[in-house]
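# Topology and contacts: notes
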Amino acid sequence: MNLARLVRSHDWWDYKLPPILAVGYATLLLGNRNIFDYYGYIAIILLSVVVGAIYVSIINDVSDIEVDQKAGKFNKMAALPPFMRWLLPLACLSVGAAFICFFYYPDILSCIFYTIPWIAFSMYSFQPFRLKNRGIWGVLADASGAHIFISLLMVSSLCCLSGQNINYAWLAAVFVWATCGGLRGILWHQFTDRENDIKSGIKTFATARNPGDFKKIEWFILATELAALALMLSMLNNLFVYIAMIAYLVLMLLRYTVLRQQPIPILHNHFNYQILLLDFTDLFFPVALLLYASMNQPDAWIVLCAQLLLFPARWIMILKDIYRILFKRRRTKTA
């Protein structure tokens, strides 16, 4: 069985890791540190997060075997021997514990931030907690594990490793930004799967609510995320990031006017849409920071190349959209 499919890396590699790295790059730039000098540490932090993500993917499938069987849905973990279903997550837990003992300790704050996602996702998946089926608690658990505390981990650990005092205003802004991004991510997933979950008898926050009654809330979450992001950008005060935001807004507008992609905060009722801010946080933000660093710091261009090579999905998709935009305009003019 393909390992990437087994751990569902397509669900998180290109979409959840780049914003975390952007937080790391921004934290180092705020402290006037050379990004390349600390990229080894960033790689170790990223690896520790990947181990946690693999653990989450495995336990989600293990805990859903019975439900998926009732719904007639294929579950990759059901094809494995029972002992492997528990050996794999136990191996992940062991590696995670090693990161705490040999890398994060004695930075207690980072140890806490690294541990919380493991606890949150275990409670999200397993009985007797099974927060996945407990409404808002499941939403908060997913957001905490997938976004909030690993973003805070990047700030606290890099501050410790680079000898900086933690900027608590920056930490607070990252917390609010990551919270809103995490909420939008899991709520998009739940509302997208709402009809299937209702048919399967799975109770989530989304299945208990009428999507039409959620519209004001989704815009409030997006507005709060924008406010936190604006504070982060003002603290960075980086021309490259401002230009990146303008470039993203132009792309968003062209997608809407030429490709008819509807901008949405969370909810969607048709196939052709774009989730607001997603491309900025996944690509434009980290790349802008690394472009700035490449022009001001030795060897930072190596980190930029690594970023683009390791996380190609978003920029490839954007290049395809740009091609479609240009091709459609040219075809319209010649018609």
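Scroll up to find the structure.
Below is a short write-up of the structure. Predicted model, so just to flag it, every value in this text is computed and none were measured. (Residues numbered from 1 in each chain as written. Predicted model: local features only at pLDDT ≥ 70, side-chain atom pairs only at ≥ 80, totals over all residues. Heavy atoms only, no water.)

## A look at the packing of aromatic side chains
Evaluated as defined, the whole model comprises 17 aromatic pairs. Centroid distance W86 to F126: 6.0 Å. Interplanar angle 35 degrees. Geometry classified as tilted. Residue W86 is found in helix α5 (residues 82-104), and its partner F126 is found in the loop between α6 (108-125) and α7 (136-161); the two are separated by 40 residues along the sequence. Residues Y114 and W118 carry aromatic rings whose centres are separated by 5.9 Å and whose planes lie at 65 degrees to one another, so their mutual orientation is edge-to-face. Taken together, the residues Y114 and W118, both in helix α6 and 4 residues apart, mark about one turn of the helix. For Y114, a relative accessible area of 3% puts it in the buried group. W118 sits in the buried class, given a relative accessible area of 11%. Members of the aromatic cluster, connected to one another through ring pairs, are Y38, Y41, Y55, F103, Y104, Y114 and W118. The aromatic ring of F205 is capped on one face by R209, whose charged end is 3.8 Å from the ring centroid. (Phe/Tyr/Trp six-rings, centres within 6.5 Å; stacked < 30°, edge-to-face > 60°. Helix = DSSP H or I, 4+ residues; strand = E, 2+ residues; numbered from the N terminus. Buried < 20%, exposed > 50% of the residue type's maximum accessible area, 1.4 Å probe, protein only. Lys NZ or Arg CZ within 6 Å of the ring centre and 35° of its normal.)

## Brief notes about the layout of surface pockets
By volume, the second largest pocket is sized at about 320 Å³. Together, 17 residues line the second largest pocket, and P211, K215, L267, H268 and N269 are the ones closest to its centre. Of all elements in the fold, only α8 (168-192), α9 (194-200), α10 (215-236) and β1 (262-264) reach the threshold of two or more residues within the lining of the second largest pocket. (1 Å grid on protein atoms, 1.4 Å probe; cavity = no way out; pocket = protein on both sides within 12 Å on 5 of 7 lines; lining within 4 Å. Points joined across faces, edges and corners; volume = space filled by probe spheres on them.)

## Notes on unusual backbone geometry
A cis geometry characterises the amide bond from Y105 onward to P106, with omega recorded as 15 degrees. Among the secondary structure elements, P106 is positioned in the loop between α5 and α6. A cis amide bond links Q127 to the next residue, P128, at an omega of 5 degrees. Positive phi, close to 50 degrees, is recorded for N237, a residue that is not glycine. Among the secondary structure elements, N237 is positioned in the loop between α10 and α11 (239-257). For L277, which is not glycine, the phi torsion reads 75 degrees and is therefore positive.

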